[in-house]
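Structural overview
Given next are the chains, with one letter for each unit.
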Amino acid sequence: MSRTPVLRAAVVGTGHRAQLFTRGLAARPGHLVAALCDPSPTRMAFHNRLLAEAGAPAAAVWEPDRFADLLAKEDIDEVVVTTVDAEHDRYIVPALRAGCRVVTEKPMTVDAERCARILGTVRETGNSLTVAFNYRFNPVHEKVRALLADGAIGEVLSVHFEWLLDVRHGADYFRRWHREKRHSGGLLVHKSSHHFDLVNWWLADEPAEAFGYGRLGFYGREAGERHGLRRDYHRAHGAHRAADDPFALDLAANDTLRALYLDAERDDGYLRDRNVFDGPVTIEDDMSVLVRYARGATMTYHLTAYAPWEGYRVMFNGSGGRLELEVEESRWQPPLTRVASAAGALHGDTAAEHTGGARLTLRPLWQPPVDVPLAVAHEAHGGGDPRMLDALFGPADPTRAADTAAATHPTATERDGALALAVGLAANRSFETGRPVRTGELLPED
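Residues numbered from 1 in each chain as written. Predicted model: local features only at pLDDT ≥ 70, side-chain atom pairs only at ≥ 80, totals over all residues. Heavy atoms only, no water.

Topic: the overall build of the chain
Looking only at helices and strands, the chain features 15 helices and 16 strands. Taking 446 residues into account, the globule formula puts the C-alpha radius of gyration at 22 Å, and the chain, at 22 Å, falls close to it. Dimensions along the principal axes, computed over C-alpha positions, put the chain at roughly 65 × 65 × 40 Å. Across the 446 residues in the chain, those meeting the buried criterion constitute 57%. Approximately 18,100 Å² of the chain is accessible, and the part contributed by carbon and sulfur atoms is 51%. (Helix = DSSP H or I, 4+ residues; strand = E, 2+ residues; numbered from the N terminus. Rg over C-alpha atoms; globule rule 2.2 N^0.38 Å. Buried < 20%, exposed > 50% of the residue type's maximum accessible area, 1.4 Å probe, protein only. Areas by Shrake-Rupley, 256 points an atom, 1.4 Å probe, with all protein chains shown as cover.)

Structure, rendered in structure tokens:
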């Protein structure tokens with residue numbers, strides 16, 4: 001009886017999000033986490049403990065500067081990239097050239113030059129790159145796509161999309177490396193690439209042009225002083241002035257945060273708990289974007305990173321009616337002091353406190369509105385994470401193969417990653433130039 005071959009995987013970047021992939025690969029037959037790569041031995045040790053808890057063998061640990069040696073000496077078949085966004089291409093490109101299958105967290109990268117380098121390498125090598133857009137796998141989002149594809153509102157002519165990050169979740173982007181645009185590309189790249197990919201996928205269309213306005217109006221030193229919110233401390237750990245600040249993050253109060261970040265500071269000096277009302281902050285927290293798509297539809301989009309509630313509204317206007325989706329991830333946030341965890345509800349891994357509901361309404365022309373039944377999950381990013389893992393790596397339980405998300409729709413390619421990125425990059429450039437920007441100015445031609 002022949003054995004199923006085992007694919008040897010490397011997980012590059014062993015922070016919080018990487019836990020999903022370390023655990024997911026360890027749980028799936030036919031996959032082995034053979035290597036971890038990170039500047040911090042402390043973080044890699046944490047992930048090896050996750051592997052031990054799953055009954056898997058320890059992975060070899062490697063420094064980033066020796067990534068090429070890692071690929072060769074560990075005989076790697078697949079690479080998962082979960083590093084700081086601006087570092088993605090550093091690992092994607094050599095892994096593709098080494099013949100590996102590559103899965104990268106969104107966004108694929110942070111600027112046009114890196115994007116061109118990645119796309120060029122995919123073309124040259126013919127190897128596989130997948131972008132982990134887990135929002136595609138949320139059953140609610142799949143329902144929206146099915147209705148639009150079935151012509152429930154005819155030809156889609158315009159989209160209105162509002163996304164709200166509450167003061168618990170939104171603030172966290174301003175404590176971390178994301179707050180510097182050179183690392184993250186700003187929230188229109190790091191966060192909104194999820195949303196732009198959804199619209200591209202929902203419409204089965206490509207963005208052609210974008211125009212936008214963006215500002216830092218709530219976070220940062222100047223805005224914090226203007227609104228009377230700023231406390232005088234650099235980072236929360238050990239700061240007396242942070243003790244009763246509802247925007248402060250207590251790394252020591254959570255086992256995972258302490259192990260991944262506070263204990264790892266001796267390795268690389270990275271501070272996970274900086275003051276959201278202190279500098280430097282070079283990203284925006286309030287962004288408005290107008291997008292025109294190749295077939296003529298338009299989208300108005302707004303991202304707010306300091307809202308009292310968390311969720312989103314998206315409305316589609318078509319030749320045969322209107323489709324409206326509203327999702328309340330959290331109806332409000334209490335003024336808790338010293339946020340104890342950046343895991344779980346803070347980033348959608350588990351259901352948030354004061355979770356709301358979801359409503360999908362179809363409004364055909366000349367007919368009464370129809371409430372479309374929904375099966376809503378608020379944990380695991382709306383149920384998208386486990387279904388995405390099934391699509392990427394196969395089901396943890398092979399008997400569930402018929403239910404895998406891969407049978408529902410394909411995963412996102414490097415082209416999908418580039419098109420989602422293009423909207424954010426075009427809007428960012430529009431912030432600077434004050435003019436609309438064509439995505440063709442930013443993406444290499446096929």
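A word on the sheet that holds strand β1 (residues 7-12)
Here 7 strands make up an open sheet; going across it, the order is β3-β2-β1-β4-β5-β6-β15 and the pairing mixed. Each edge of the open sheet is held by one strand with a lone partner, namely β3 (60-62) and β15 (412-413). Strand direction decides the pairing type here: strand β2 (residues 31-37) and β3, joined by 3 bridges, are parallel. By the bridge assignment, Leu36 is partnered in β3 with Val61. Where helix α2 (residues 41-53) meets the sheet, it contacts β2 and β3, and its direction lies at approximately 165° from that of β2. In the packing of helix α4 (residues 88-97) onto the sheet, the strands contacted are β1, β2, β4 (78-81), β5 (101-105) and β6 (129-132), and the crossing angle to β5 comes to about 170°. (Pairing = 2+ DSSP bridges. Contact = heavy atoms within 4.5 Å. Axes fitted to C-alpha atoms, helices over the stretch in contact; angles between N-to-C directions.)

So, the pattern of salt bridges
Counted by the stated rule, this structure contains 43 salt bridges. Here Arg17 and Asp385 are joined by a salt bridge, their closest N and O atoms 3.0 Å apart. Here Arg17, found in the loop between β1 and α1 (18-26), pairs with Asp385, found in helix α14 (residues 380-393); they are 368 residues apart in sequence, far enough to count as distant. On the basis of relative accessibility, which here comes to 21%, the residue Arg17 falls in the partly exposed class. Residue classification places Asp385 among the buried residues on the basis of a relative accessible area of 4%. For Asp278, the salt bridge is made with Arg221, and the minimal N-O distance between the two is 3.3 Å. (Salt bridge = Lys/Arg side-chain N within 4 Å of Asp/Glu carboxyl O.)

A short note on helix α6 (residues 139-149)
For α6, the full list of buried residues reads Val140, His141, Glu142, Val144, Leu147 and Leu148. Capping the start of α6 is the job of one residue whose side-chain oxygen sits 2.8 Å from the backbone nitrogen of Val140: Asn138. Directly beyond the C-terminal end of α6, a positive phi value near 80° is found at Gly151. (Polar contact = N/O pair within 3.5 Å; in protein donor to acceptor, adjacent residues only side chain to side chain.)

Comments concerning the packing of aromatic side chains
With the rule as written, the count across this model stands at 17 aromatic pairs. Taken together, a centroid distance of 4.2 Å and an interplanar angle of 20° make the contact between Phe174 and Tyr219 stacked. Of the two residues, Phe174 is situated in the loop between α7 (169-172) and α8 (181-184) and Tyr219 in the loop between β8 (207-215) and α11 (221-226); the sequence distance between them amounts to 45 residues. The two residues Phe174 and Tyr219 agree in class, both being buried. When the centroid spacing of 4.8 Å and the interplanar angle of 85° are considered together, the rings of Phe218 and Tyr219 count as edge-to-face. Positioned over the ring face of Tyr261 is Arg272, at 5.5 Å from the centre of the ring. (Phe/Tyr/Trp six-rings, centres within 6.5 Å; stacked < 30°, edge-to-face > 60°. Lys NZ or Arg CZ within 6 Å of the ring centre and 35° of its normal.)

Topic: the state of the cysteines
Under the criterion given, the structure shown has 0 disulfides. Here Cys100 is not disulfide-linked; the sulfur of Cys37 is the nearest cysteine sulfur, at 12 Å. By relative accessible area, which is 2% here, Cys100 ends up buried. (Disulfide = S-S within 2.5 Å.)

Some words on the nonpolar core
Ranked by internal contacts, the top residues of the largest apolar core, which has 91 residues, are Val79, Trp202 and Phe316. With 10 residues, helix α15 (residues 414-433) is the single largest residue contributor to this core. For Trp202, the contacting residues outside a window of four places in its chain are His141, Val144, Arg145, Leu148, Phe161, Val314 and Phe316. (Core = buried A, V, L, I, M, F, W, Y, C linked by side-chain atoms within 4.5 Å.)

Considerations on the side chain of Asp285
The topology assignment puts Asp285 in the loop between α13 (265-268) and β9 (286-293). No salt bridge is formed by the buried Asp285. Its closest oppositely charged neighbour is Arg215, at 6.2 Å. A distance of 2.8 Å separates the side chain of Asp285 from the backbone nitrogen of Tyr219, its partner in a polar contact. Ignoring anything within four residues of it in the chain, the contact list for Asp285 reads Phe174, Arg215, Leu216, Gly217, Phe218, Tyr219, Leu303, Thr304, Ala305 and Tyr306. (Lys, Arg positive; Asp, Glu negative; His and termini not counted.)

Brief notes about the UniProt feature "domain: Gfo/Idh/MocA-like oxidoreductase N-terminal" (unreviewed entry) in the chain
Here the UniProt feature "domain: Gfo/Idh/MocA-like oxidoreductase N-terminal" (unreviewed entry) sits at residues 7-133. Across residues 7-133, the secondary structure splits into 42% helix and 23% strand, with the terminal C-alpha atoms separated by 22 Å. (UniProt positions renumbered as here; feature names shortened; annotations may be inferred.)

Quick notes on the sheet that holds strand β13 (residues 358-364)
Strand order across the open sheet formed by 9 strands is β14-β13-β12-β11-β7-β10-β9-β8-β16, with mixed pairing between neighbours. Edge strands, defined here as strands with exactly one partner in the open sheet, are β14 (370-372) and β16 (437-438). Relative to β14, β13 runs antiparallel, the two sharing 3 bridges. When the bridges of β14 are listed, Leu360 appears paired with Val372. The strands touched by helix α10 (residues 192-203) within the sheet are β7 (156-166), β8, β9, β10 (298-307) and β11 (310-318), with β10 carrying the most contacts at an inclination of about 155°. Strand contacts of α15: β8, β9 and β16, with the helix running at about 50° to β8, the strand carrying the most contacts.

Here we look at empty space enclosed by the protein
Applying the stated criterion to the full structure yields 2 cavities of 30 Å³ or more. Put simply, the second largest cavity is a space of about 30 Å³. Taken together, Thr130, Val131, Ala132, Phe133, Arg136, Phe137, Met388, Leu392, Thr411 and Ala412 form the lining of the second largest cavity. Within the residue set of the lining of the second largest cavity, elements represented by two or more residues are β6 and α14. For the lining of the second largest cavity, the element with the highest residue contribution is β6, accounting for 3 residues. Class assignment of the residues belonging to the lining of the second largest cavity gives a composition of 7 nonpolar, 2 polar and 1 charged. (1 Å grid on protein atoms, 1.4 Å probe; cavity = no way out; pocket = protein on both sides within 12 Å on 5 of 7 lines; lining within 4 Å. Points joined across faces, edges and corners; volume = space filled by probe spheres on them. Nonpolar A, V, L, I, M, F, W, Y, C, P; charged D, E, K, R; others polar.)

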